[in-house]
Structures are given as C-alpha cells and as structure tokens.
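# Fold and geometry: a report
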Amino acid sequence: MKRLLKVLIVLSLFLCFTVKAESEYYKHVWSYDWKTGSMSGIIDSIDTKDGFLAVGFTDGTNSKANILYFNKKGEFVEEITYPNTKLAKIIEEDGYYYAFGKNEDNNTYVTLKLDSKGKIIDSFEFEADNSLSEAEDDAFYVVSGDSQFFIMDFWYFSFYDEQRVIVIDKEFNEEDCYDVPRYNWDEEMENLLTPYTDLHIFYMNYAFDWDGSTDEEVTDSIPYKGGFLVTRVEYNNQESIMWYEKDGEPVWTKELGNTFAKAIIPYDDYIIVSIGSWDDDTVHFGVYDKNGNELETDDIYNYYPSGDTFKPEFFVELEDGFMTASTKNGNPLATQIMYFSKPFKVITKTDGNGTVKVVDSSFKNFDVTFVVEPKEGYVLDVVKVTDSDGNVLTFTDYTFTMPSSDVTIEVSFKKAPINPNTLTGIATLSLIIVSIIALITSLKAVKKISWMN
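As the structure is a prediction and not an experimental result, all values here were calculated from the model.

Take the overall build of the protein chain next. Summing up its helical and strand segments, the protein chain has 4 helices and 32 strands in all. By residue count, 45% of the 453 residues in the protein chain fall in the buried class. When the accessible area of the protein chain is evaluated, it comes to approximately 23100 Å², of which 50% is carbon and sulfur surface.

Laid out in structure tokens, this is it:
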C-alpha cells in the first residue's frame with residue numbers, strides 16, 4: 001500500500017512537471033463576471049492586505065461609482081457605491097486607499113478614502129473652475145505629495161490655456177484645496193508633475209502626428225522607468241505602435257503591424273500589451289522585453305469562457321501580478337475581470353544524501369507538494385521551508401502554500417539506524433554458525449580419538 005501511494009505521488013508530480021501553463025510569465029488565477037444589469041466599467045485596481053479592490057462606475061441616467069472588494073482567493077465579497085461619480089484611479093497612502101474620479105453632474109473632482117475592504121471612510125468633492133469632461137483611464141493621473149494629492153487630468157489640463165491641475169489636501173481641508181494654473185506651480189509640483197507635462201507635450205508633438213493623419217488615438221499610457229509606455233492606433237491604415245518615451249523623446253518604438261493595440265502594462269522586467277485583429281475577434285497578449293523585443297504571443301481565449309468575445313480594456317500591474325478588465329460581446333465598457341499571478345521560484349538544497357522532487361516555480365496562494373527521497377542507507381533528518389525573507393513556512397504532508405516570494409526547501413539526511421531485530425537475527429545466525437562449526441570440530445575430534453584407539 002505504501003509503495004502504491006508513493007507511486008501515485010510521484011506520478012502526480014510528474015504530471016505537474018510536464019503540463020505547461022499557458023504562459024511562462026504569468027498564471028491565470030481567477031475571474032469575475034460583473035453583471036450589474038446596466039453598462040458598467042472597471043478602470044483601476046489595487047492589492048490590499050485583505051485582497052483586491054477594483055474601481056469604476058455604472059453608467060446610465062443615475063451613474064454611480066463602484067468599488068468591488070475581492071478576498072485573497074479572488075472571491076467577490078462586496079460592492080460599495082458612491083452617487084453620480086466615475087472613478088478612474090485608486091492608490092495606497094499610509095495604510096488607506098484613495099479612489100479618484102469625477103462627478104460630471106456637480107462638476108466636481110471626487111476623492112474617496114477607503115479601508116482595505118473598500119468601505120468609504122470619508123469623501124471630498126472639489127468643484128472645478130471650468131467644466132469637466134469624461135474621466136479617461138489613459139489620461140488621468142494622481143500624484144502623491146507630502147500633504148497633497150495632485151490630479152493631472154490631461155483633458156482638463158489641455159483644454160484651458162492656463163494648463164490647470166487640481167490640488168486636494170490629504171486631510172480634505174477645503175481651504176487647502178484649489179485649482180492651480182501651471183505658472184503658479186511651486187517647486188514640489190514642478191518636481192512631481194513635470195514627467196506628466198512632458199508626456200502631455202509628447203502627446204501633442206508626436207502621438208497625434210504619426211503620418212499627418214488625424215484619425216489616430218492614444219489608447220493607453222503608463223509610467224515606466226522614469227518615462228512612459230504608450231500605445232497608439234492609426235485607424236486609416238489599421239496599424240498600431242507602442243513606444244517608451246523619456247524626457248519628451250522616444251527611447252524606442254515598436255511597430256505592431258496590422259493590429260489594434262489597447263492596454264499596456266510594465267510587468268516585472270517585461271511589458272504586456274493586449275493586441276487585437278482588425279479582421280476578426282481574436283485578441284492576444286503580447287509579451288515584450290524592456291527594449292520592445294517580442295518574447296511571447298498568448299491567445300487570451302486560453303483564459304476566457306468559450307462562446308463569448310472579449311477585448312481587454314485595461315491592465316493594472318499589481319504587487320504580485322496584474323489584473324485585466326475586458327469588454328464582453330460588444331458591450332462598450334469593461335465588466336469581465338481577471339487576475340494573473342507572476343511565478344515565484346522553488347529552490348531545493350540538500351546535503352547530498354538524498355533528493356527533493358518539486359516544481360521549479362509556482363504562484364501566490366497555490367499549493368506546492370514535494371517528495372523527499374533519501375539515498376540507500378540514509379533516512380530523512382530535517383526539512384525546512386523558508387521564503388526569501390527567511391520566514392519559516394508551515395507544511396503538512398509535504399505540502400505548503402506558496403507565498404508572494406521565492407521559496408527554498410532545505411533537507412538534510414542521516415545514516416539509517418541499524419534495526420535491533422536485524423541485530424538479533426545476525427546474532428542468532430552467528431550463534432548457529434558457531435555451533436555448527438563447534439559440532440563439526442567435535443565430531444572430527446571424536447573420530448580422530450577413535451582412530452587413535
């Protein structure tokens with residue numbers, strides 16, 4: 001029975017080693033289909049100590065902000081709403097989470113202070129001096145200063161000659177919140193916001209002047225290595241391009257050919273772009289290195305339910321992976337949420353007197369099972385499983401839950417003790433042998449004496 005159990009464990013591990021994930025760069029962990037009964041969109045998301053928060057809005061005659069809370073396993077727990085608001089960004093600040101958006105009915109910029117489960121602790125609305133336009137995820141940034149948040153809304157910034165930015169006091173003191181033109185920026189604002197003004201200038205001078213066509217759109221932009229990653233589509237030629245810009249100039253560009261490029265994220269040391277076809281509903285994730293060289297093409301329908309059509313509308317890089325929200329079956333707003341985890345290494349160390357069989361890598365919150373095999377004449381002595389920070393992990397039946405870091409399995413062996421039963425058997429056998437020899441010797445001696453007589 002024990003031998004059969006061991007064979008089954010080894011076989012299951014063999015299957016784990018030989019079944020390849022859809023991508024070597026990430027693993028699909030969970031999905032959520034947000035069915036609100038109306039047109040809805042998720043625009044941004046963030047890790048929290050309790051799980052994940054995703055923010056967006058429900059559109060319609062009574063639009064409202066939506067905050068979705070998922071636990072660590074990706075199970076939907078609760079939806080929190082706020083009236084007449086479209087949320088576009090969420091950030092963490094001193095253990096709290098702040099969601100930012102626009103209330104177009106009241107012409108206000110909205111800031112919501114949340115706990116780690118999305119509960120609204122406080123809210124603040126600042127009325128803008130000029131009329132607001134729709135919140136756009138690819139042109140709406142929030143920068144945290146010492147005591148203030150700075151909202152860099154490209155459409156508000158560029159629509160008015162004075163290039164205005166919204167300043168929100170972190171304590172929501174109304175007298176310390178204001179709408180400030182560029183020429184009145186202080187040193188902190190210049191330092192924090194200059195990269196975004198550089199991107200704005202880049203948009204104006206380059207992004208919309210690819211070949212003189214006006215039928216173009218910047219589909220996404222994201223901070224990256226002191227600059228920005230940008231995707232853009234030219235509709236006339238049905239082509240797309242992505243580039244990395246810094247200090248207002250392109251560092252490198254990558255033509256993506258006859259495709260429609262939408263969302264883009266920096267992901268670890270890689271870049272991921274959702275790229276669609278002009279000819280049909282096929283969409284794939286393109287994985288690129290830091291210089292824009294393609295590493296992998298991954299069909300997104302490896303992950304989505306069959307029978308529906310999906311197009312990723314945003315990517316958000318999270319602490320240990322990334323999240324997407326996609327349109328479904330032509331719905332113009334993103335409702336299908338998916339979470340992908342990055343892989344972490346599983347490293348083994350032994351003293352040379354045995355082996356450890358385990359997968360080379362795994363993903364956060366996944367169970368990892370390993371098998372320890374001593375050499376002949378040795379038995380297991382000590383097994384220790386630690387994360388990259390040296391924290392000891394608990395395991396049961398040689399299985400542990402993967403943390404958000406690399407893991408090392410250290411195993412030592414010792415000489416197998418001699419079985420007392422074996423010693424008794426050897427002693428008995430030795431006694432028998434000695435007795436036989438003594439008997440033979442005695443018989444020979446008796447025979448010799450008889451011969452002499």
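A word on the pattern of salt bridges. Taken as a whole and judged by the stated rule, the model has 11 salt bridges. The salt bridge involving D33 is made with K328; its shortest N-O contact spans 2.6 Å. In this pair, D33 sits in strand β1 (residues 27-33) while K328 sits in strand β23 (residues 321-328), placing the two residues 295 residues apart along the sequence. When salt bridges that share partners are traced, they join D129, R164 and D179 into one network.

Before going further, it helps to spend a moment on the side chain of S116. Along the chain, the position of S116 falls in the loop between β8 (108-114) and β9 (120-127). Within the structure, S116 has its side chain in polar contact with the side chain of D50 (distance 2.4 Å). What S116 contacts, discounting residues up to four positions off in sequence, is T48, K49, D50, L53, Y69 and Y97.

With that settled, the discussion passes to the side chain of N71. With respect to the secondary-structure elements, N71 resides in strand β4 (residues 64-71). We classify N71 as buried; its relative accessible area is 19%. Polar side-chain contacts of N71 include one of 3.0 Å to the backbone nitrogen of K73. Within polar-contact distance, the side chain of N71 engages the side chain of E75 at 2.6 Å.

The subject of this paragraph is the sheet that holds strand β14 (residues 216-224). Hydrogen bonding along the main chain pairs the strands of a sheet, whether they run parallel or antiparallel. With respect to topology, 4 strands assemble into an open sheet ordered β14-β15-β16-β17, the strand pairing being antiparallel. If you trace the sheet from one side to the other, it starts and ends with β14 and β17 (249-257), each paired once. Neighbour to neighbour, the strand axes of the sheet diverge by 20° on average, direction disregarded. The sheet contact formed by strand β15 (residues 227-234) and strand β16 (residues 239-246) spans 7 bridges and is antiparallel. Bridge pairing in β16 links R232 to I241.

Before going further, it helps to examine the nonpolar core. Residues F100, Y109, I151 and I168 are the most contacted members of the largest nonpolar core, which totals 22 residues. Residue assignment for this core shows that the elements contributing at least two residues are β6 (86-93), β7 (96-103), β9, β10 (140-144), β11 (148-153) and β12 (164-169). Setting aside its immediate chain neighbours within four residues, F100 contacts K86, L87, A88, K89, I91, V110, T111, F140, V142, F149 and I151. Counting 21 residues, the second largest nonpolar core, distinct from the first, contains V180, W185, F202 and W243.

In this section: the pairing of strand β25 (residues 343-350). With 3 bridges joining them, β25 and strand β27 (residues 361-363) adopt antiparallel strand pairing. Of the residues in β27, the one forming a bridge with K345 is S361. Of the pairings in the sheet, the one linking β25 to strand β32 (residues 407-415) comprises 5 bridges and is parallel in character. Bridging from a neighbouring strand, T348 pairs with I409 of β32.

Moving on: the sheet that holds β4. Strand order across the open sheet formed by 4 strands is β2-β3-β4-β5, with antiparallel pairing between neighbours. Strands at the two margins of the open sheet, each flanked by one partner only, are β2 (40-48) and β5 (76-83). The average angle at which neighbouring strand axes cross in this sheet is 20°, direction not considered. As paired elements, strand β3 (residues 51-58) and β4 share 8 bridges and run antiparallel to each other. Paired with L53 across the strands is Y69, a residue of β4.

Turning our eyes to something else, we now look at unusual backbone geometry. Positive phi outside glycine occurs at N107, with the angle close to 60°. Following the sequence through the fold, N107 ends up in the loop between β7 and β8.

Turning our eyes to something else, we now look at the packing of aromatic side chains. Under the criterion given, the structure shown has 45 aromatic pairs. Aromatic pair Y26 and F285: ring centres 6.2 Å apart, planes at 70°, arrangement edge-to-face. Taken together, the residues Y26 in the loop between α1 (2-18) and β1 and F285 in strand β20 (residues 283-288) connect sequence positions 259 residues apart. For the pair formed by Y26 and F285, the shared burial category is buried. Between F52 and Y339, the ring centres sit 4.7 Å apart and the planes meet at 50°, which makes this aromatic pair tilted. A residue pair is termed long-range when its members are at least 10 positions apart, and F52 in strand β3 and Y339 in strand β24 (residues 336-341) qualify at 287 residues.

Definitions and cut-offs
- Residues numbered from 1 in each chain as written.
- Predicted model: local features only at pLDDT ≥ 70, side-chain atom pairs only at ≥ 80, totals over all residues.
- Heavy atoms only, no water.
- Helix = DSSP H or I, 4+ residues; strand = E, 2+ residues; numbered from the N terminus.
- Buried < 20%, exposed > 50% of the residue type's maximum accessible area, 1.4 Å probe, protein only.
- Areas by Shrake-Rupley, 256 points an atom, 1.4 Å probe, with all protein chains shown as cover.
- Salt bridge = Lys/Arg side-chain N within 4 Å of Asp/Glu carboxyl O.
- Polar contact = N/O pair within 3.5 Å; in protein donor to acceptor, adjacent residues only side chain to side chain.
- Contact = heavy atoms within 4.5 Å.
- Pairing = 2+ DSSP bridges.
- Axes fitted to C-alpha atoms, helices over the stretch in contact; angles between N-to-C directions.
- Core = buried A, V, L, I, M, F, W, Y, C linked by side-chain atoms within 4.5 Å.
- Phe/Tyr/Trp six-rings, centres within 6.5 Å; stacked < 30°, edge-to-face > 60°.

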